[in-house]
Amino acid sequence: MTKISVIIPTMAGREELLVRLLQSIPRKYEIKIVGDEIGENLLLAAKRNKGAEKATGEYLLFIDDDNYLEPGAIEAAFKLCEKESVGVVGFMACYDDQKDKVADGGSKRNYLTGFTTGVNTNANYSTLSKEPYEVDEIANAFMVDAELYYQLFGFDEKNFPIDLDEADFCRRVKDMGLKVMVCPLAKVYHKSLTYSHIPNFRRDKSAYFLSRNIVFYQGKHLNALSYWVFIILFLPVRICFYLFALIWRKNFQMIIPMMGGYFDGLRNCRANKYQR
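First, a word on scope: everything that follows refers to the structure included in this document. (Residues numbered from 1 in each chain as written. Predicted model: local features only at pLDDT ≥ 70, side-chain atom pairs only at ≥ 80, totals over all residues. Heavy atoms only, no water.)

Here's the deal with helix α2 (residues 44-54)
How we decide: Residue burial is assigned from relative accessible area. The probe radius is 1.4 Å, only protein chains are included, and a residue is buried under 20% of its type maximum, exposed over 50%, and partly exposed in between. Where helices and strands are cited, they refer to DSSP runs of H or I of at least four residues and of E of at least two residues respectively, numbered from the N terminus. Contact criterion: two residues are considered in contact whenever any of their non-hydrogen atoms come within 4.5 Å of each other.
Burial analysis of α2 places eight of its eleven residues in the buried class, which makes it a mostly covered element. Taken together, the buried positions of α2 are Ala45, Ala46, Lys47, Arg48, Asn49, Lys50, Gly51 and Ala52. Among the structural elements, β1 (4-9), β2 (30-34), β3 (59-63), β10 (141-145), α4 (146-151) and α5 (165-175) are those in contact with the buried residues of α2.

Written out as structure tokens, the structure reads:
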């Protein structure tokens, strides 16, 4: 068994990004690439699970194909991941075109309202402490002990095929009494747009799933009373906030899939056109 397996879910049309990522991974690590196989139509969580099934590593590094690694990043994450109290180690992502600015440093979640706050988002990486710190969830690039991954039965691809799949996994890790940590020395560069507090969607699939899945997430992880407080008080606030943001950005075409996601979430609907 190899020590670390790198699992890369990828999509058609991103071959150049994948090559760049592969060039940044030391050859001593096992690599499992899961692409768009004909007839499978797998979404992100299913691709991650499929890659993990084929991996032989004691530790699993999940990294999206629009990243590439700083030298020494895997080793820094591995050192932290070996600690007994740590369940997941997130890599600190800086923007591909602004290499000293943090794109993703993990998130804190208000479990009742469902809103998240990015940690160190848009901060200058060079000015930050390089000591690991605890968050509620991570995304994009993260390492987990393979035994823990299998103990939790991997990602919940049925309820969270994309969006909130990592959040759900991290919540289950925390429920086991383990920590979700970000390792600033485990640095990646992520090809992403500069984060804004005013949300937006680039794809109707993302507008649909993020909206549907927040209802699923709250239903899965909150008790009955807290869930209904969320539905009655905070879900309407969330819907109005996102509607205002899309109207302000003149991104009107995303309103219908977003509202469809909320509607299907409340109906507990899992079958939809985006999963076919």
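Describing the packing of aromatic side chains
Note the threshold: Between the rings of Phe, Tyr and Trp (Trp by its six-membered ring), a pair exists once the centres lie within 6.5 Å; its type follows the angle of the planes, with under 30 degrees stacked, over 60 edge-to-face, and the other angles tilted.
Applying the stated criterion to the full structure yields 16 aromatic pairs. Relative to Phe169, the ring of Phe155 lies with its centre 5.0 Å away and its plane at 35 degrees, an arrangement referred to as tilted. With Phe155 in the loop between α4 and α5 and Phe169 in helix α5, this residue pair connects regions lying 14 residues apart in the sequence. One exposure class covers both Phe155 and Phe169, and it is buried. Among the aromatic residues, ring-to-ring pairing joins Phe62, Phe142, Tyr149, Tyr150, Phe155 and Phe169 into one connected group.

Some remarks on the side chain of Asn67
The condition that has to hold: Side-chain atoms alone can form a polar contact between residues adjacent in sequence; in general such a contact is a pair of N or O atoms within 3.5 Å, and within protein one must be able to donate a hydrogen while the other accepts it.
Tracing the backbone through its elements, the reader meets Asn67 in strand β4 (residues 67-69). At a separation of 3.2 Å, a polar atom in the side chain of Asn67 contacts the side chain of Asp66.

Quick word on the state of the cysteines
Counted only if it meets this: Disulfides are defined in this document as cysteine sulfur pairs within 2.5 Å.
Applying the stated criterion across every chain, the model contains zero disulfides. The cysteine Cys94 is free of any disulfide, with Cys183 supplying the nearest cysteine sulfur at 13 Å. Of the residues examined, Cys94 reaches a relative accessible area of 0% and is grouped as buried.

Points about the pattern of salt bridges
The line we're drawing: Salt-bridge detection follows one rule: a side-chain nitrogen of Lys or Arg within 4 Å of a carboxyl oxygen of Asp or Glu.
Overall, the coordinates contain 17 salt bridges when judged by the stated rule. One salt bridge connects Lys99 with Asp96, and the closest N-O pair in it is separated by 3.9 Å. A salt bridge links Asp168 to Arg172; the nearest nitrogen and oxygen atoms lie 3.0 Å apart. You can see Asp168 and its partner Arg172 sitting in helix α5, four residues apart, about one turn around the helix. Among the charged side chains, a salt-bridge network with shared partners connects Arg48, Asp64, Asp165 and Glu166.

The analysis is restricted to geometry; functional conclusions fall outside its scope.
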